[in-house]
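# Summary of structural features
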Amino acid sequence: MEITAENKVLKFVEGLIPPSDGTSIRKEALQALNGMDFPTTRVEEWKYTRVGRITNKTFQQEERKANIEKYKITNLDAHLVVFVNGYFDASLSTIKEDKALSVQSIEKLDLDYYSEIMEETEENVFSLINKGYQTGGVYIKVGENEKTAYPIHLLHLTTGEGIISNAQHFIHLEKGSKTELITTYDSDEAENSFTNIVIEGHIEENANLTIQKLQFEEKNVFHISNEFFVQDPSSQFKINTITTGSLLTRNGLNVIVEGENCHTEMNGVYLGTENQHLDNHTLIEHLYSNCTSSETYKGVMDDKSTGVFNGKVIVRPNAKKIEAYQSNGNILLSKSSTVNSKPELEIYADDVRCSHGSTTGQLDEDAIYYLRTRGISEQKAKKLMVAAFIGEVLDKVDNSDIRKKVDQHFLEHFGWVF
Amino acid sequence: MLTIKNLHATVGEEGLEILKGLNLEVKPGEVHAIMGPNGAGKSTLASVLAGKDGYEVTEGSVVFEGKDLLELETEDRAKEGVFLAFQYPVEIPGVSNINFLKTAINEIREHRKQEPLKAKEFMAKVRESSALVELDPKLASRSVNEGFSGGEKKRNEIFQMAMLQPKLSILDETDSGLDIDALRIVSDGVNKLKNENNAVIIITHYQRLLDHIIPDFVHVLADGKIVKSGPKELALELEEKGYDWLNAEKV
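## A few points about unusual backbone geometry
Comment: phi is negative for the bulk of residues other than glycine, and the bulk of peptide bonds are trans. All names here are of chain A. Positioned with a positive phi, Asn85 is a non-glycine residue whose angle comes to about 55°. When you line up the elements, Asn85 lands in the loop between β1 (79–84) and β2 (87–88). Residue Asn85 is classed as buried on the basis of its relative accessible area of 0%. Phi is positive for Lys321, which is not a glycine, with a value near 50°. Within the secondary structure layout, Lys321 lies in the loop between β17 (306–315) and β18 (323–332).

Written out as structure tokens, the structure is:
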């Protein structure tokens, strides 16, 4: 009898362009990838998300020209850094004069610094594939006690069939610095393509980073993101994640709080229709005392879509006086939609205040009736209520240009007015 | 304006019959009070006229302004000019009073082939209507009924009535939960909105609202039918004698 032990990961990366010399980050990733396998639903972290639909396929890396006009954000005055299929496109990018900011290739990131900062973060097979086979990315640095003159917009577009977009970014905020990062993801005629993104960051003492993430890809692609951030003392980090895109999305977001007096905020909205599977997996790990964290995710699922929320908060033994708030709310608009919501609090310290709540339900029939008696159609009544439900989270998007883009997107794709 | 003939309606899956042959004729400019004991079918009548799910009309007809009301969806009845002031107004977190009323008014205006109201006109109307029922304008911008006191909720109903200017208003137990001051405010509001082109149906268990809004007709609803109709004095008689004498009279 012949035994074949086929390594799926090796098979998956077989078609990818083998990395040339590359950085040591790349080499380490390739090494770590050896002997790894794709997760099954027996793995707790992937219990509700089957990745077989991605891993059974093969993808190519392909540099392409594209028109990105309609993916830009109207009126947004920002540094624009464009990636098409994971490749940096200098001709489409505009990096303005800004003494606070340096934008370099990810290849310029120093391994020693990187390894020290990121040693606590946990890699997975997708982040390693990204790092091993990345086709580009930026290393952004904001100088000490500086504030960037403009936000930084990382625009990602995937175009063409069966493409893998493997961009890898790192953002470094030096002490006392501040910036806003906008990451957008779109696709155009990209059936069966796969965005496999990694963004990592280091927020030094007293620094402040806000990220606005808009995942608006079409519903025929796959999207896995791995976002890892490390916060030093007295730093602030906030991320708003708006997801309406891709057939299968997994937003993996991990924040390690490595200092006192930090504030961490994660907000998310996810709207699923058709057969979409939208998974938000978050982790906040408190290692030090006197920190606060706040997490609010809301989902609206229609048709046969599935939503997953897994929010883990860990408070380590020496982290006293932590205040951690977490809530996840979901509305199911159809009988065939589902949500798996799993808040996880692991608290190993005393004297902490942690709260979490998770709700999943339908729209209130009495409220719909009430609105209809005022002349509002059933459809519009539902929209008003859905808008009200997620509006609370959308209001946390405090950049008005981004908010307009989100409102416009919801109007065009769902007919929802906020 | 409204003609109800031999209306029979059942509620729920079991098909329990609540309305058993109700007749009513309402003309423009009139105020009708429908009184009756608990369980007589008063709120069912309000729900059937507004088109609430779960009620089935098994017999009879309701014609409003020449149209078969029962054929229309709830929202289309509202667009035609039917308004229901709820006994228990629903709280809708996150949906602002203003936003929802703007949507409602513009839907109704579209139906009447009118241009959407301009922001300035709309706000003027909000100010005027909230003053009518002494509703704090701040409440107008809050979520619909959320955290409102009982009296504020009822005033909000009349505020909406003032905003939407219906042809026929059905006030379902509007007096319940109102103290004497709120009762006067709400009644004054309704009286000011009344004119020769619109009509009001007041559904109530008690006489006290009728001291303030004087009905042209009082009907007694018992066991799903109107068993007695008369002038406003009938209400006083009911208040004095209760509803039992009606049953005795029938026997």
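So that's the structure; there's more coming.
## So, the packing of helix α7 (residues 378–394) of chain A against helix α8 (residues 400–414) of chain A
Residue and element names in this part refer to chain A. Close contact between α7 and α8 brings their axes to 13 Å; oriented N to C, the two are set at 155°. The angle between the axes of α7 and α8 places the two elements in the roughly antiparallel class. The handedness of the crossing between α7 and α8 is right-handed. From α7, Lys383, Ile390 and Leu394 reach across to α8, where they touch Arg403, Val406, Phe410 and Phe414.

## Details of the side chain of Thr74 of chain B
Relative to the elements of secondary structure, Thr74 of chain B occurs in helix α2 (residues 74–80). There is a polar contact of 2.8 Å between the side chain of Thr74 of chain B and the backbone oxygen of Gly51 of chain B.

## A closer look at the interface of chain A and chain B
In this complex, chain A contributes 17 residues to the contact, which on the side of chain B involves 31 residues. Looking only at chain A, the three residues that lose the most surface to chain B are Tyr369, Tyr370 and Arg374 of chain A, adding up to 39% of its buried area. Linking chain A with chain B are ten residue pairs in polar contact (both at pLDDT 80 or more). If you list the elements that add at least two residues to the side of chain A that touches chain B, you get α6 (365–372) and α7 of chain A. With six residues, α6 of chain A is the largest single contributor of residues to the side of chain A that touches chain B. Taken together, the residues of the side of chain A that touches chain B sort by class into eight nonpolar, three polar and six charged.

## Some details on α7 of chain A
Residue and element names in this part refer to chain A. Its 17 residues place the ends of α7 23 Å apart at the C-alpha level, agreeing with the 24 Å of an ideal helix rising 1.5 Å per residue. When the local axis directions of α7 are compared, the greatest deviation, roughly 30°, occurs at Ala388. Restricting attention to buried positions, one finds in α7 the residues Ala381, Leu384, Met385, Val386, Ala387, Ala388, Phe389, Ile390, Gly391, Val393 and Leu394.

## Considerations on a negative patch on the surface
Residue and element names in this part refer to chain A. A contiguous patch of negative charge, built from Asp110, Asp112, Glu116, Glu119 and Glu120, is present on the exposed surface. As for its position among the elements, Glu116 is in helix α4 (residues 111–117). Note on Glu116: relative accessible area 60%, which makes it exposed.

## What to know about the environment of Leu271 of chain A
All names here are of chain A. On the secondary structure map, Leu271 appears in strand β14 (residues 263–272). Leu271 gets classed as buried once you look at its relative accessible area, which sits at 1%. Counting along the chain gives 90 residues from Leu271 to Gly361, while the straight-line C-alpha distance between them is 15 Å.

## Quick look at the packing of helix α6 (residues 150–164) of chain B against helix α7 (residues 180–193) of chain B
All names here are of chain B. The interhelical angle for the contact between α6 and α7, taken along N-to-C directions, is 10°, at an axis separation of 10 Å. Judged by the angle between their axes, α6 and α7 are roughly parallel. Residues Lys154, Arg155, Ile158, Met161 and Ala162 of α6 form the contact with α7, whose participating residues are Ile185, Val186, Gly189, Val190 and Leu193. Tallied by class, residues from the contact of α6 with α7 come to seven nonpolar, one polar and two charged.

## Some words on the sheet that holds strand β5 (residues 152–159) of chain A
Residues and elements named next belong to chain A. Read across the sheet, ten strands follow the order β2-β1-β5-β8-β10-β12-β14-β16-β18-β20 without closing on themselves; strand pairing throughout is mixed. The strands lining the two open edges of the sheet, one partner per strand, are β2 and β20 (353–361). As defined by bridge partners, β18 adjoins β20 across nine bridges and the pair is classed as parallel. Following the sheet pairing, Ser327 is matched in β20 by Gly357. Against the sheet, α7 touches β12 (236–243), β14, β16 (292–301) and β18, its axis set at about 155° to β16. In the packing of α8 onto the sheet, contacts are made with β8 (178–188), β10 (208–215), β12 and β14, and the angle to β10 comes to roughly 15°.

## Digging into the side chain of Asp175 of chain B
Residues and elements named next belong to chain B. With respect to the helices, strands and loops of the structure, Asp175 is situated in the loop between β9 (168–172) and α7. Comment: no salt bridge for buried Asp175; closest opposite-charge side chain is Arg208, at 4.0 Å. Excluding residues that lie within four positions of it along the chain, Asp175 makes contacts with Leu183, Thr204, Tyr206, Arg208 and Leu209.

## Some points on the packing of aromatic side chains
This structure, assessed with the given rule, holds 17 aromatic pairs over all chains. Measuring from ring centre to ring centre gives 5.7 Å for Trp46 of chain A and Phe126 of chain A, while their planes differ by 50°; the resulting arrangement is tilted. Pair noted here: Trp46 of chain A is in the loop between α2 (24–33) and α3 (52–55) and Phe126 of chain A is in helix α5 (residues 125–133), with a separation of 80 residues, a long-range link. Both residues of the pair, Trp46 of chain A and Phe126 of chain A, belong to the buried class. Note on Tyr370 of chain A and Phe86 of chain B: the rings are 4.8 Å apart at their centroids and 65° apart in plane angle, and the pair reads as edge-to-face. Highlighted residues: Tyr370 of chain A in helix α6 and Phe86 of chain B in the loop between β6 (82–85) and β7 (92–96), drawn from two different chains. By relative accessible area, Tyr370 of chain A is classed as buried at 0%. The class of Phe86 of chain B is buried, set by a relative accessible area of 9%.

## A look at the sheet that holds β6 of chain B
Residue and element names in this part refer to chain B. Spatially, the six strands line up as an open sheet ordered β6-β9-β10-β3-β11-β12, and their pairing is mixed. Only two strands of the sheet have a single partner each, and these edge strands are β6 and β12 (225–230). For this sheet the average axis-to-axis angle between neighbouring strands, irrespective of direction, equals 20°. Note that strand β3 (residues 31–35) and strand β11 (residues 217–222) share four bridges and pair parallel. Each residue of the ladder has a partner; that of Ala33, found in β11, is Val218.

## Some remarks on the domain arrangement of chain A
Residue and element names in this part refer to chain A. On domain assignment, one finds that chain A holds domain 1 (62–362) and domain 2 (363–418). Just the C-alpha atoms count here: the centres of domain 1 and domain 2 sit 25 Å apart. At the interface, 32 residues of domain 1 touch 20 residues of domain 2. Here domain 1 and domain 2 share an interface that buries about 2,300 Å² over both sides, 72% of which is from carbon and sulfur atoms. When the area that domain 1 buries against domain 2 is broken down by residue, the three leading residues are Phe216, Leu271 and Lys298, summing to 22%. On the surface where domain 1 and domain 2 come into contact, there are two salt bridges. A salt bridge links Lys238 to Asp398; the nearest nitrogen and oxygen atoms lie 3.2 Å apart. Between domain 1 and domain 2 we count eight residue pairs in polar contact (both at pLDDT 80 or more) in total.

Calculation notes
- Residues numbered from 1 in each chain as written.
- Chains lettered and ligands numbered in written order.
- Predicted model: local features only at pLDDT ≥ 70, side-chain atom pairs only at ≥ 80, totals over all residues.
- Heavy atoms only, no water.
- Helix = DSSP H or I, 4+ residues; strand = E, 2+ residues; numbered from the N terminus.
- Buried < 20%, exposed > 50% of the residue type's maximum accessible area, 1.4 Å probe, protein only.
- Axes fitted to C-alpha atoms, helices over the stretch in contact; angles between N-to-C directions.
- Parallel < 35°, antiparallel > 145°, perpendicular 65-115°, else oblique.
- Left-handed = near helix turned anticlockwise from the far one by under 90°.
- Contact = heavy atoms within 4.5 Å.
- Polar contact = N/O pair within 3.5 Å; in protein donor to acceptor, adjacent residues only side chain to side chain.
- Buried area = accessible area lost by both parts, 1.4 Å probe.
- Nonpolar A, V, L, I, M, F, W, Y, C, P; charged D, E, K, R; others polar.
- Expected span 1.5 Å × (residues − 1).
- Bend = angle between axes of the 7 residues up to and from the residue.
- Patch = residues over 30% accessible without salt bridge, like charges linked within 9 Å, V, L, I, M, F, W, Y side chains within 5 Å.
- Areas by Shrake-Rupley, 256 points an atom, 1.4 Å probe, with all protein chains shown as cover.
- Salt bridge = Lys/Arg side-chain N within 4 Å of Asp/Glu carboxyl O.
- Lys, Arg positive; Asp, Glu negative; His and termini not counted.
- Charge placed at Lys NZ, Arg CZ, Asp CG, Glu CD.
- Pairing = 2+ DSSP bridges.
- Phe/Tyr/Trp six-rings, centres within 6.5 Å; stacked < 30°, edge-to-face > 60°.
- Domains from an automatic or database assignment.

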